[in-house]
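# Chain and residue survey
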Amino acid sequence: MTKKILLLFSVFQFMACAELQQVVNQLPPGTTGMGNAEIAQALQEALNLGIEKQVSKLTKKDGFFKNELVKILLPDELKKVDKTLRDIGLGNLADEGLRVLNRAAEDAVGQAIPIFVDAVKGISFNDAKQILLGADDAATQYLTGSTQAPLYTKFNPVIKKSFEKVGADKIWNNLITRYNALPLTNDVNPDLTDYVTQEALKGVYTMIAVEEKEIRTKISSRTTDILRKVFALQD
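Keep in mind the model is a prediction, meaning the values are calculated, not measured.

The rules behind the values
- Counting of residues starts from 1 at the beginning of each chain's written sequence and follows it residue by residue.
- Side-chain atom pairs in this predicted model are given and counted only at pLDDT of 80 or more, local residue features only at pLDDT of at least 70, and totals for whole chains, interfaces and linings cover all residues.
- The basis for the side-chain values is all heavy atoms of the structure; hydrogens and waters are excluded.
- Each helix is a run of H or I in the DSSP string that is no shorter than four residues. Each strand is a run of E no shorter than two, and both are numbered from the N terminus.
- A helix's residues, less one, multiplied by 1.5 Å, set its expected span.
- The buried label goes to any residue with under 20% of its type's maximum accessible area, the exposed label to any with over 50%, and the partly exposed label to all in between, with areas taken from a 1.4 Å probe on protein chains only.
- Of all possible arcs, the one meant is that of the directions from the helix axis to the C-beta atoms.
- By the convention used here, residues are in contact when the closest approach between their heavy atoms is within 4.5 Å.
- Distance and chemistry together define a polar contact, namely a pair of N or O atoms within 3.5 Å, with one atom able to donate a hydrogen and the other to accept it when in protein, and with adjacent residues in sequence counting only for side-chain atoms on both sides.
- In this scheme, the bend at a residue equals the angle between the axes fitted to the seven residues that finish there and the seven that begin there.
- A pair of Phe, Tyr and Trp rings is counted when the ring centres sit within 6.5 Å of each other, with Trp represented by its six-membered ring. The angle between the planes then sorts it: under 30 degrees is stacked, over 60 is edge-to-face, the rest tilted.

## Focus on helix α3 (residues 76-87)
- For α3, built from twelve residues, the straight-helix expectation of 16 Å at 1.5 Å per residue is met to within 8% by its first-to-last C-alpha distance of 17 Å.
- Those residues of α3 that fall on the buried side of the exposure criterion are L78, V81, D82 and L85. When α3 is viewed along its axis, its buried side chains cluster within an angular range of 100° and face the same direction. Facing away from the buried side of α3 by over 90 degrees, the exposed positions are D76, K83 and D87.
- Downstream of α3 by a residue or two, G89 has a phi angle that is positive, lying close to 90°.

As structure tokens, then:
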């Protein structure tokens, strides 16, 4: 019985090796010996293109507000505030409250693009080939896991300044003060700076992933030799 199991295992192992060799044989000439450093360079270039081409769109007016992929909506705690204010005829003020959250994110991302570029420069791909052959957003996922915590620390003060710059702090102070003054309501005091920081970071990573997918799925989006050479591996 043991001999049969070992024989069966050997057959499966042989088949797996054969399939792997078939994949290797189909790779473009000169790519099988490609090193981790070269692949990592291409992944960094793809992420940088995501910042240059996609994240930069977020910095324009309505870059967040009219982009359904990244639009910042109200946190659950404030949805009841929004509904209550609309019910008492303050719909315009509620609309402005949502708009300025997105305006603050748009302004902050514009100021913080060098922070995101530095994050990409500082990232170390321990297994670049595995990431290259992964999902359409594998490099962005790796970037997120490696940089989200330190980026939050750097980005949060930028968001706070943008809140003041676009007047979001005053608008939301007015909104919450009015809501808290209403009878039969529980007072709210959300940390909107924290919330918008997290949501804006999600938006940045989302847009970088958009460009990564473009490069992975469209040869025409590979605009440099290193991108063409390396991403041919995963075609």
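## Some words on the environment of L78
- Note on placement: L78 falls in helix α3.
- Excluding its chain neighbours within four sequence positions, the residues that come into contact with L78 are W172, V188, P190 and L192.

## A short note on the environment of N173
- Take N173: it is sitting in helix α7 (residues 168-181).
- In this structure N173 comes out as exposed when scored by relative accessible area, which is 51%.
- For the pair N173 and G97, spaced 76 residues apart in sequence, the C-alpha to C-alpha distance is 9.9 Å.

## So, the side chain of T140
- Relative to the elements of secondary structure, T140 occurs in helix α6 (residues 138-166).
- For T140, the side chain forms a polar contact with the side chain of E212, separated by 2.6 Å.
- Setting aside its immediate chain neighbours within four residues, T140 contacts L47, Y205, I208, A209 and E212.

## What to know about helix α2 (residues 36-58)
- In a regular helix each residue adds 1.5 Å, so 23 residues correspond to 33 Å; α2 covers 32 Å between its end C-alpha atoms and thus fits that length.
- At I51, α2 shows its maximal bend, which comes to roughly 30°.

## Remarks on the packing of aromatic side chains
- In this structure the tally under the stated criterion is two aromatic pairs.
- With 5.5 Å between their ring centres and 65° between their planes, F116 and F155 make a pair best called edge-to-face. Highlighted residues: F116 in helix α4 (residues 91-122) and F155 in helix α6, separated in sequence by 39 residues.
- On the basis of relative accessibility, which here comes to 3%, the residue F116 falls in the buried class.
- The class of F155 is buried, set by a relative accessible area of 0%.
- Measuring from ring centre to ring centre gives 5.3 Å for F125 and Y142, while their planes differ by 25°; the resulting arrangement is stacked. Within this pair, whereas F125 is found in the loop between α4 and α5 (128-132), its partner Y142 is found in helix α6, the two being separated by 17 residues in sequence.

Shape is all these values report; function is a separate question.
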